[in-house]
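# Structure at a glance
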Amino acid sequence: TTYLFILKAFAIYFGIISLFSLLGKKKEKHIDRFLKFAVLIPARNEQDCIANIITSLKKQDYPHELIDIYVIPNNCTDDTASIATAKGAYVLHAPSNVKYKGGALRFAINELINDKENYDAFLIFDADNVASPNFISSMNQTLANGARVANSRILAKNNKESWLATCYDIHFCTANLFLNRARVRLGLSARVVGTGFAVMSSFLKELAGFNTISITEDAEFFAICAIKGEKIAFCEDAITYDEQTTSFKASMSQRKRWMSGIMHVVLLKFN
């Protein structure tokens, strides 16, 4: 009976919040300010897809001189680095003791946060992503309006390849609308979900870098923002197309890793 009551309470809570999605997108004031971005793309043996994300970033409707793209090879044994260089990205080789995405991001941000280029903000992508042409211009407006952390709208890039990829796309669409849009319209915080998000350098300096230590760096960073009282904005016009697994077995393995990482975050932050 107690468990049923708790489940009903959660259902009512999220049901009420989801209603605020009907108010539509949050309107932002147009501000003529152009931030300088460092785009970070951690990669481990991603030679088959790294060119696509770099190409999409090279086609942004934003001043190209204000975008520097960094690929961060992490124990790669293929041609990821050489392909990234050929496509016009900078390459920052992570030390061999870096074994996961969060460690690669921590290394890169520590290298660049006080760089002479004076980056205003960092954008984080996965190597198998593609960014919409207006991604950086949209993120720029959200950050210029005062946000220090902002998440994009995420969709499945390969949503027609299998029923599983379609399910992932439905999940993302539901979260975009009934979670992130609704929460932001209520004045609450959106969620950071792995990829396609922006962080202002000023906030990272307050944190002394991107200091996550778990295998689910996005959940850990979201927890850090919550503890610090930092609201995460939802930049709905910036779209990240994220490639999803088409194998049920791989999906289950992925989910197991995510859940173990999230439980690690709970133990880290609340013990």
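Presented here is a report on the structure given in the accompanying data block. Nothing here was measured: the structure is a model prediction, and the numbers come from that model.

We now examine the overall build of the chain. Across its full length, the chain holds nine helices and eight strands. Here the C-alpha radius of gyration of the chain, 18 Å, is about what a compact globule of 271 residues would show, namely 18 Å. With the C-alpha coordinates aligned to their principal axes, the bounding extent of the chain is approximately 60 × 45 × 40 Å. Here the chain, with 271 residues, has 49% of them falling under the buried criterion. Look at the contacts in the chain between residues 6 or more apart in sequence, and 79% of them connect residues 24 or more apart. Here the chain has roughly 13900 Å² of accessible surface; of this, 58% comes from carbon and sulfur atoms.

A separate point is the layout of surface pockets. There is about 540 Å³ of room inside the second largest pocket. In terms of lining, the second largest pocket is formed by 24 residues, of which the most central are Lys26, Glu28, Thr142, Ala233 and Phe234. Looking at the lining of the second largest pocket, the element that brings in the most residues is strand β8 (residues 233-242), giving five residues. Grouping the amino acids of the lining of the second largest pocket by side-chain chemistry returns seven nonpolar, six polar and 11 charged.

Turning our eyes to something else, we now look at the environment of Arg106. Among the structural elements, Arg106 can be located in helix α4 (residues 101-112). Sequence separation between Arg106 and Cys235 is 129 residues, and the spatial gap between their C-alpha atoms is 24 Å. Those residues in contact with Arg106 that sit more than four places away from it in its chain are Tyr100, Phe210, Asn211, Thr212 and Ile213.

Moving on, we get to the packing of helix α1 (residues 2-19) against helix α6 (residues 163-185). Orientation of α1 relative to α6, taken along the N-to-C sense of each, is 70°, at an axis distance of 7 Å. By the criterion of interaxial angle, the relationship of α1 to α6 is roughly perpendicular. For the pair α1 and α6, the crossing hand works out as left-handed. Residues Tyr13, Ile17 and Ser18 of α1 lie in contact with α6, whose contacting residues are Phe178, Ala182 and Arg183. Residue composition of the contact of α1 with α6, by class: four nonpolar, one polar and one charged.

Attention shifts here to the side chain of Asn140. By secondary structure assignment, the location of Asn140 is in helix α5 (residues 135-144). Residue classification places Asn140 among the buried positions, given a relative accessible area of 1%. Dropping the residues within four chain positions of it, Asn140 is found in contact with Arg33, Phe34, Leu35, Phe37 and Tyr62.

What follows concerns the packing of aromatic side chains. Using the criterion set out here, one finds 10 aromatic pairs in the structure. Considering the side-chain rings of Phe34 and Tyr62, the 5.8 Å spacing of their centres and the 55° angle between planes classify their relative orientation as tilted. Here the residue Phe34 occupies a position in the loop between α1 and β1 (37-43), and Tyr62 occupies one in the loop between α2 (50-58) and β2 (67-73), the gap between them amounting to 28 residues. Take Phe34: its relative accessible area is 52%, and that puts it in the exposed class. Feature note: the residues Tyr70, Tyr90, Tyr119 and Phe122 constitute an aromatic cluster, connected by ring pairs. The ring of Phe222 is capped by Arg191, whose NZ or CZ atom sits 5.7 Å from the centre of that ring.

This part covers the side chain of Thr80. Relative to the elements of secondary structure, Thr80 occurs in helix α3 (residues 80-86). A polar contact of 2.8 Å, which involves the side chain of Thr80, links it to the side chain of Asp78. The contacts of Thr80, once residues within four sequence positions are left out, are Ala43, Asn45, Glu46, Gln47, Ile50 and Val71.

Let's shift gears to the sheet that holds strand β3 (residues 90-91). Pairing is mixed across the open sheet formed by eight strands, whose spatial order is β3-β2-β1-β4-β7-β6-β8-β5. Of all the strands in the sheet, just β3 and β5 (129-131) have a single pairing partner and so form its edges. Bridge count between strand β6 (residues 149-156) and β8: seven bridges; the pairing is parallel. Bridge pairing in β8 links Ile154 to Thr240. Across the sheet, α5 is in contact with β1, β2, β4 (121-124), β5, β6, β7 (197-200) and β8; its angle to β8 comes to roughly 160°.

Once that is clear, we can look at α6. Taking 1.5 Å as the rise per residue, α6 with 23 residues should run 33 Å; its terminal C-alpha atoms sit 32 Å apart, in good agreement. Within the sequence span of α6, burial applies to Leu164, Ala165, Tyr168, Asp169, Phe172, Ala175, Asn176, Asn180, Arg181, Ala182, Arg183 and Val184. In the segment just after α6, Gly187 is the residue with positive phi, at about 85°.

Attention now moves to unusual backbone geometry. Within the chain, Asn45 stands out as a residue other than glycine whose phi angle is a positive 55°. Here Asn45 lies in the loop between β1 and α2. You can call Asn45 partly exposed: its relative accessible area is 35%. Within the chain, Ala208 stands out as a residue other than glycine whose phi angle is a positive 60°. When you line up the elements, Ala208 lands in the loop between α7 (201-206) and α8 (217-228). What makes Ala208 exposed here is its relative accessible area of 57%.

Parameters and conventions
- Residues numbered from 1 in each chain as written.
- Predicted model: local features only at pLDDT ≥ 70, side-chain atom pairs only at ≥ 80, totals over all residues.
- Heavy atoms only, no water.
- Helix = DSSP H or I, 4+ residues; strand = E, 2+ residues; numbered from the N terminus.
- Rg over C-alpha atoms; globule rule 2.2 N^0.38 Å.
- Buried < 20%, exposed > 50% of the residue type's maximum accessible area, 1.4 Å probe, protein only.
- Contact = heavy atoms within 4.5 Å.
- Areas by Shrake-Rupley, 256 points an atom, 1.4 Å probe, with all protein chains shown as cover.
- 1 Å grid on protein atoms, 1.4 Å probe; cavity = no way out; pocket = protein on both sides within 12 Å on 5 of 7 lines; lining within 4 Å.
- Points joined across faces, edges and corners; volume = space filled by probe spheres on them.
- Nonpolar A, V, L, I, M, F, W, Y, C, P; charged D, E, K, R; others polar.
- Axes fitted to C-alpha atoms, helices over the stretch in contact; angles between N-to-C directions.
- Parallel < 35°, antiparallel > 145°, perpendicular 65-115°, else oblique.
- Left-handed = near helix turned anticlockwise from the far one by under 90°.
- Phe/Tyr/Trp six-rings, centres within 6.5 Å; stacked < 30°, edge-to-face > 60°.
- Lys NZ or Arg CZ within 6 Å of the ring centre and 35° of its normal.
- Polar contact = N/O pair within 3.5 Å; in protein donor to acceptor, adjacent residues only side chain to side chain.
- Pairing = 2+ DSSP bridges.
- Expected span 1.5 Å × (residues − 1).

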